[in-house]
Amino acid sequence: MTPVLYQKERKVLQFIIQYIQIHGYSPTLQEIAQGCGLKSPATVHEHIWYLIKKGFLKKTDGVSRSIELVNEKIISQEPQSNIPLMGFIAAGAPLEPYTDPDATFPVAASMLTGKKSAYVLKVKGDSMIEEGIFDGDYVVVEHQDHANQGDIIIALLENGFATMKKYFLEENRIKLMPANAKMLPIYVNSVRIQGKVVGLIRQFN
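Worth saying up front: this structure is predicted, and the values here are computed from it rather than measured.

Novice: Would you explain the pairing of strand β9 (residues 162–169) in this entry?
Specialist: Within a regular beta strand, the side chains point alternately toward one face of the sheet and then the other, so they alternate between its two faces. With respect to burial, β9 is a largely interior element, six of its eight residues being buried. Relative to β9, strand β8 (residues 152–156) runs antiparallel, the two being bridged by five bridges. Pairing of isoleucine 154 across the sheet is with methionine 164, part of β9. Pairing geometry for β9 and strand β10 (residues 174–177), over four bridges, is antiparallel.

Here is the structure:
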């Protein structure tokens, strides 16, 4: 039976796989933390421990860049679903439709709850870089019209613009918070939530 990978574990594992494919050696804990939008190498260390325990990685203690892949094929063999590729999401701009209205994107089934319809958007801009979401990435979004504190959502503003931000409900308003210290939050009285971001896919050409 394939071990269960939780969302942040999958994010770390995919980053390690892609980093090794590009550089030929494994990333440091600090590089993984930066690339995945995690706050500290200690958090990365915890995820790696679970990935080792589940049989995906092995590591030599006390040696830099010693992470090795053990079970990379499990990800490539995991069941996938073809999800509609709806278009592009950029901070403070209308949703831009994809050129091919019938385009789909293969998404690992474990990213999805299976209870809601989903779609994929391509990211433009750097408003969410501190969550490890970069320009050119693809985000997997499940349709829902509500959110919990701290969820990353796709929101439609009253001016017709769409944005991807972290959702926070305050006493008299809603705060849509970017994950970029150079950008200011958006405050609104109401917002139309178009879905919750549940997964991230990064491709290297």
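Novice: Help me out: how do you make sense of the pattern of salt bridges in this one?
Specialist: Pairs can form between side chains of opposite charge once their charged atoms are near each other. This model, assessed by the stated rule, comprises eight salt bridges. Where glutamate 31 meets arginine 65, a salt bridge forms, and the shortest distance between an N and an O atom there is 2.9 Å. One end of the pair, glutamate 31, is in helix α2 (residues 29–36); the other, arginine 65, is in the loop between β1 (57–58) and β2 (68–69), with 34 residues separating them in the sequence. Taking the relative accessible area as the measure of exposure, glutamate 31 reaches 24% and is therefore partly exposed. You can call arginine 65 partly exposed: its relative accessible area is 34%. Of the charged contacts, one joins lysine 58 and glutamate 68 as a salt bridge, the two residues approaching to 3.9 Å between their closest N and O atoms. Here glutamate 68 lies in strand β2 and lysine 58 lies in strand β1, a separation of 10 residues in the sequence. Note on glutamate 68: relative accessible area 40%, which makes it partly exposed. Taken together, the salt bridges that share partners define one network made up of Glu170, Arg173 and Lys175.

Novice: How do you make sense of the environment of phenylalanine 15 when you look at a structure like this?
Specialist: Within the secondary structure layout, phenylalanine 15 lies in helix α1 (residues 7–23). Here phenylalanine 15 falls in the buried class, since its relative accessible area comes to 13%. The sequence separation of phenylalanine 15 and alanine 33 amounts to 18 residues, and the corresponding C-alpha distance is 9.9 Å.

Novice: Teacher, can you tell me more about the confidence of the model for the protein chain here?
Specialist: Note: predicted coordinates in regions of low pLDDT should not be interpreted at a detailed level. Averaged over every residue, the pLDDT of the protein chain is 84; the share at 70 or more is 89%. Taking the mean pLDDT of every element in the protein chain, the minimum, 54, falls on helix α4 (residues 73–77) and the maximum, 95, on β10.

Novice: So what exactly am I meant to see when it comes to the packing of aromatic side chains here?
Specialist: Geometry of an aromatic ring pair is reported as the spacing of the ring centres plus the angle between the planes. Going through the model one piece at a time under the given rule, you end up with five aromatic pairs. For the ring pair phenylalanine 15 and tyrosine 19, a centre distance of 5.9 Å and an interplane angle of 40° mean the geometry is tilted. Taken together, the residues phenylalanine 15 and tyrosine 19, both in helix α1 and four residues apart, mark about one turn of the helix. For tyrosine 19, a relative accessible area of 11% gives the class buried. Ring plane angle 40° and centroid distance 4.5 Å describe the contact between phenylalanine 105 and tyrosine 138, whose orientation is recorded as tilted. Here tyrosine 138 lies in strand β7 (residues 138–142) and phenylalanine 105 lies in strand β5 (residues 104–108), a separation of 33 residues in the sequence. For the residue pair phenylalanine 105 and tyrosine 138, the accessibility class agrees, reading buried in each case. One aromatic cluster in this structure is built from Phe15, Tyr19 and Tyr25. Sitting over the ring of phenylalanine 88, lysine 124 keeps its end group 4.7 Å from the ring centre. One Lys or Arg, arginine 173, reaches over the ring of tyrosine 187 and ends 3.7 Å from the middle of that ring.

Quick notes on the rules
- Residues numbered from 1 in each chain as written.
- Predicted model: local features only at pLDDT ≥ 70, side-chain atom pairs only at ≥ 80, totals over all residues.
- Heavy atoms only, no water.
- Buried < 20%, exposed > 50% of the residue type's maximum accessible area, 1.4 Å probe, protein only.
- Helix = DSSP H or I, 4+ residues; strand = E, 2+ residues; numbered from the N terminus.
- Pairing = 2+ DSSP bridges.
- Salt bridge = Lys/Arg side-chain N within 4 Å of Asp/Glu carboxyl O.
- pLDDT = per-residue confidence, 0-100.
- Phe/Tyr/Trp six-rings, centres within 6.5 Å; stacked < 30°, edge-to-face > 60°.
- Lys NZ or Arg CZ within 6 Å of the ring centre and 35° of its normal.

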